[in-house]
Amino acid sequence: MPIPAQTGALTHDDSAVDQQSYGAQNTEPMMPSETTQPTQVPDVSQQGATMPGSGSTVTAGPTFKEKVVGYAKEIRGTTLGKPETKEQGQRIVNGEEKFETKKVGSKAKIAEREAEQA
């Protein structure tokens with residue numbers, strides 16, 4: 001004869017154990033608000049700024065691309081032993097100097113013509 005626990009079927013004795021461990025008097029589960037108190041948060045809820053100037057201010061500084069170029073120049077200057085390149089990279093990272101990329105291709109030719117005409 002198979003053992004009831006192995007077959008997964010409940011016998012009369014198993015249901016009595018379940019009722020004892022889970023409470024035979026209360027057949028419905030308790031609501032969470034009945035078991036614990038609701039939490040109180042003392043902070044003000046976060047809200048987005050709805051008007052210009054009413055939110056946090058963003059400080060101007062080097063862009064992400066400028067920072068990457070600055071760090072690359074610092075590393076290049078250190079590796080190659082060129083203090084001028086390293087210092088230029090530090091100035092770019094600090095926002096003291098702007099880095100402008102070289103224009104390549106047809107846009108570079110158009111920019112050169114415009115610069116010559118001006």
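A few points on the structure.

Rules used in this analysis
- Residues numbered from 1 in each chain as written.
- Predicted model: local features only at pLDDT ≥ 70, side-chain atom pairs only at ≥ 80, totals over all residues.
- Heavy atoms only, no water.
- Helix = DSSP H or I, 4+ residues; strand = E, 2+ residues; numbered from the N terminus.
- Buried < 20%, exposed > 50% of the residue type's maximum accessible area, 1.4 Å probe, protein only.
- Contact = heavy atoms within 4.5 Å.
- Areas by Shrake-Rupley, 256 points an atom, 1.4 Å probe, with all protein chains shown as cover.
- Axes fitted to C-alpha atoms, helices over the stretch in contact; angles between N-to-C directions.
- Parallel < 35°, antiparallel > 145°, perpendicular 65-115°, else oblique.
- Left-handed = near helix turned anticlockwise from the far one by under 90°.
- Nonpolar A, V, L, I, M, F, W, Y, C, P; charged D, E, K, R; others polar.
- Salt bridge = Lys/Arg side-chain N within 4 Å of Asp/Glu carboxyl O.
- Expected span 1.5 Å × (residues − 1).

1. Some words on the overall build of the protein
- Of regular secondary structure, the protein possesses six helices and zero strands.
- In the protein, the order of α-helices and β-strands from amino to carboxyl end is α-α-α-α-α-α.
- With 118 residues in all, the protein has 9% of them scored as buried.
- Summarising the internal contacts of the protein: among those between residues at least 6 apart in sequence, 29% fall at separations of at least 24.
- Working note: accessible area of the protein is about 11,200 Å², and carbon and sulfur atoms make up 54% of it.

2. Section: the packing of helix α4 (residues 64-80) against helix α5 (residues 83-94)
- In contact at an axis separation of 7 Å, α4 and α5 are set at 160° when each is read in the N-to-C sense. Taken together, the axes of α4 and α5 lie roughly antiparallel to each other. Between α4 and α5 lies a crossing of left-handed hand. Between α4 and α5, the residues in contact are E66, K67, G70, Y71, K73, E74, G77 and T78 and T85, K86, Q88, G89, Q90, I92 and V93, respectively.
- Across the contact of α4 with α5, the residue classes break down as three nonpolar, seven polar and five charged.

3. Considerations on the pattern of salt bridges
- Using the criterion set out here, one finds two salt bridges in the structure.
- Of the charged contacts, one joins K98 and E66 as a salt bridge, the two residues approaching to 3.8 Å between their closest N and O atoms. Separated by 32 residues along the polypeptide, K98 in the loop between α5 and α6 (106-117) and E66 in helix α4 bring together distant segments of the chain.
- What makes K98 exposed here is its relative accessible area of 59%.
- Classification of E66 as buried rests on a relative accessible area of 11%.

4. Observations regarding α4
- Its 17 residues place the ends of α4 24 Å apart at the C-alpha level, agreeing with the 24 Å of an ideal helix rising 1.5 Å per residue.
- On its buried face, α4 is in contact with α5.
- Of the residues one or two after α4, G81 is the one with positive phi, at around 75°.

5. A closer look at the environment of K86
- With respect to the secondary-structure elements, K86 resides in helix α5.
- Residues K86 and Y71, 15 residues apart in the sequence, show an inter-C-alpha distance of 8.6 Å.
- Beyond its immediate stretch of four places on either side in the chain, K86 contacts K73, E74, G77 and T78.

6. Here we look at the environment of T101
- Take T101: it is sitting in the loop between α5 and α6.
- Accessibility expressed as a relative area gives 43% for T101, which makes it partly exposed.
- The spatial distance from the C-alpha of T101 to the C-alpha of E66 is 9.9 Å, given a sequence separation of 35 residues.

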